[in-house]
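What follows is each chain in one-letter form.
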Amino acid sequence: MAQDNFSSNFPNLTHLDRQGQAQMVDVSDKAPSVRQAVAAANVRMLPATFAAIQAGNVPKGDVLATARLAGIMAAKQTATLIPLCHPLPLQKIAVEIIPDPQLPGYQIQATVKTKAETGVEMEALTAVSVAALTLYDMAKALEKSIQIESIHLISKSGGKSADYSSPEE
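What you see is a predicted model; the values in this text were computed from it and never measured.

Asker: Would you explain the overall build of the protein in this entry?
Answerer: A tally of helices and strands in the protein yields five helices and five strands. In the protein, the order of α-helices and β-strands from amino to carboxyl end is α-β-α-α-α-β-β-α-β-β. Evaluated residue by residue, the protein yields a buried proportion of 37% over its 169 residues. Taking contacts inside the protein between residues at least 6 apart in sequence as the whole, the part at least 24 apart equals 67%. When the accessible surface of the protein is split by element, carbon and sulfur atoms take 54% of a total near 9,600 Å².

Asker: I tried to follow the environment of Gly61 on my own but got confused; where do I start?
Answerer: Relative to the helices and strands, Gly61 is located in the loop between helix H2 (47-55) and helix H3 (63-76). Looking at Gly61, the relative accessible area reads 30%, which means it is partly exposed. Each C-alpha atom, one on Gly61 and one on Met138, is 7.6 Å from the other, the two residues being 77 residues apart in sequence.

Asker: How do you make sense of a nonpolar patch on the surface when you look at a structure like this?
Answerer: Side chains of Leu133, Ile148 and Ile151 sit close together on the surface and give an oily, nonpolar patch of about 250 Å² of accessible area. Position of Ile148 relative to the elements: it lies in strand S4 (residues 147-157).

Asker: What should I look at first to understand the pattern of salt bridges in this one?
Answerer: One side chain can pair with another of opposite charge once the charged atoms of both are near each other. Across all of its chains, the model carries three salt bridges by this definition. With a closest N to O distance of 3.3 Å, Lys60 and Asp137 form a salt bridge. Taken together, the residues Lys60 in the loop between H2 and H3 and Asp137 in helix H5 (residues 121-139) connect sequence positions 77 residues apart. Lys60 sits in the partly exposed class, given a relative accessible area of 45%.

Asker: So what exactly am I meant to see when it comes to H3 here?
Answerer: Within an α-helix, residues lying three or four positions from one another point in the same direction, as the helix has 3.6 residues per turn. With 14 residues, H3 should cover 20 Å at 1.5 Å per step; its first-to-last C-alpha distance of 20 Å lies within 8% of that length. Listed in full, the buried residues belonging to H3 are Val63, Ala67, Ala70, Gly71, Ile72, Ala74 and Ala75. If you follow the buried residues of H3, they end up packed against H2, helix H4 (78-81), strand S2 (90-100), strand S3 (105-116) and H5. The distance from a side-chain oxygen at the start of H3 to the backbone nitrogen of Leu64 is 3.4 Å, and the residue carrying that oxygen is Asp62.

Asker: What am I meant to see in the sheet that holds strand S5 (residues 164-165) here?
Answerer: Hydrogen bonding along the main chain pairs the strands of a sheet, whether they run parallel or antiparallel. Strand order in the open sheet made by the five strands is S2-S3-S1-S4-S5, with antiparallel pairing throughout. Strands at the two margins of the open sheet, each flanked by one partner only, are S2 and S5. Summarising the sheet, S2 and S3 pair through 10 bridges and their orientation is antiparallel. Within S3, the position partnered with Ile97 by the bridge is Ile108. Along the sheet, H2 makes contact with S2 and S3, crossing S3 at roughly 60°.

Asker: I'm lost on the pairing of strand S1 (residues 33-44) in this one. Help?
Answerer: In summary, the side chains of a regular strand alternate between the two faces of the sheet. Sheet analysis places S1 next to S3, joined by 12 bridges and oriented antiparallel. In the sheet register, Val38 faces S3, and the bridge partner there is Thr111. Pairing analysis gives eight bridges linking S1 to S4, with the strands arranged antiparallel. Bridge pairing in S4 places Val38 opposite Ser155.

The rules behind the values
- Every chain begins its residue count from 1, and numbering advances along the sequence as written.
- Residues qualify for local features only when their pLDDT is at least 70, as the model is predicted, and side-chain atom pairs are given and counted only at 80 or more; totals for whole chains, interfaces and linings, by contrast, use all residues.
- Side-chain numbers here rest on the full set of heavy atoms in the structure, without hydrogens or water.
- Starting at the N terminus, helices and strands are each numbered in turn, a helix being any DSSP run of H or I of at least four residues and a strand any DSSP run of E of at least two.
- Relative accessibility thresholds used throughout: buried, under 20% of the residue-type maximum; exposed, over 50%; partly exposed, between the two (1.4 Å probe, protein chains only).
- Note on contacts: a residue pair is in contact if any heavy atoms of the two residues lie within 4.5 Å.
- Areas reported as accessible are Shrake-Rupley estimates using a 1.4 Å probe. Residue values count occlusion only from the protein chains shown.
- Patch building starts from residues that exceed 30% relative accessible area and form no salt bridge, then joins like charges within 9 Å and nonpolar side chains (Val, Leu, Ile, Met, Phe, Trp, Tyr) within 5 Å.
- A pair is scored as a salt bridge if a Lys or Arg side-chain nitrogen falls within 4 Å of a carboxyl oxygen belonging to Asp or Glu.
- The length a helix should cover is 1.5 Å for every residue beyond the first.
- A 3.5 Å cut-off defines polar contacts: any pair of N or O atoms within that distance qualifies, except that in protein one atom must be a possible hydrogen donor and the other a possible acceptor, and neighbouring residues in sequence count only when both atoms are side-chain atoms.
- The pairing criterion for strands is at least two bridges between them, as found by DSSP.
- Axis geometry follows a simple rule: fit a line to the C-alpha atoms, using only the stretch in contact for helices, then measure angles between N-to-C directions, giving values from 0 to 180 degrees.

Below, the structure is given as structure tokens:
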């Protein structure tokens, strides 16, 4: 395919320029609107590791508080981590880490909200990813086989495109 025909063959790929090169989308003509995204992840571990974290008996300290703060901090850094993300003024970042004895492990959920020209899906996904990685880092002395699973978007709302809810939720 000739490079000058790229944009006519793929008109809906906004992150690509006329030659098919990656570009940051121009959102300057969009009106700011309230946007929210919710993402989730699971962290699975051995029952003994889960029990130690629940009891607060981990050598590095408070695993869950550290992971929650890491998720919040990560959401604020998304534009520096993901090359084509816009830096956004985030009005809300909430990271919940919920014990789940059935895994055994933890369910992590992040809610991110802004009033801006583009959405916050990547910020929510970054928050749960880094919270999960931090949980692993804090507990790896107890178990190296901890598994991070099922990082996904639960929902997004606001903006021009349709709202989204995961069919699995």
